[in-house]
Amino acid sequence: MDSNLLEVLVCPLCKGPLHHDHANHELICKADRLAYPIRDGIPVMLENEARDLNESNATQNTSNS
């Protein structure tokens, strides 16, 4: 993903900065705990497409128990 694009992209909800998770092809908003997917090099900045990181952690915790 183009680093210049990453500099101007912000979370559509809180307008906060995003972290590029290269391994999972996602843009992470730490404030809202959401992961926006990057598909074919294009960030999908829609709330209904974002993965809730709180739910992901809950699923991982129950599967590890």
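Residues numbered from 1 in each chain as written. Predicted model: local features only at pLDDT ≥ 70, side-chain atom pairs only at ≥ 80, totals over all residues. Heavy atoms only, no water.

It is worth spelling out the side chain of E26 at this point. Here E26 is to be found in strand β2 (residues 26–29). For E26, a relative accessible area of 9% translates into the label buried. A polar side-chain atom of E26 sits 2.7 Å from a polar atom in the side chain of R51. If we ignore the near neighbours within four places in the chain, the residues touching E26 are H19, H20, D21, A35, Y36, P37, I38 and R51. (Helix = DSSP H or I, 4+ residues; strand = E, 2+ residues; numbered from the N terminus. Buried < 20%, exposed > 50% of the residue type's maximum accessible area, 1.4 Å probe, protein only. Polar contact = N/O pair within 3.5 Å; in protein donor to acceptor, adjacent residues only side chain to side chain. Contact = heavy atoms within 4.5 Å.)

Scanning all chains against the criterion turns up two salt bridges. Here E26 makes a salt bridge to R51, at a shortest N to O gap of 2.7 Å. Of the two residues, E26 is situated in strand β2 and R51 in strand β5 (residues 51–52); the sequence distance between them amounts to 25 residues. When its relative accessible area of 32% is taken as the criterion, R51 is described as partly exposed. When the shortest N-O distance is used, the salt bridge between E49 and R39 registers 2.9 Å. Of this pair, E49 sits in the loop between β4 (42–43) and β5 while R39 sits in strand β3 (residues 34–39), and the two are 10 residues apart along the sequence. (Salt bridge = Lys/Arg side-chain N within 4 Å of Asp/Glu carboxyl O.)

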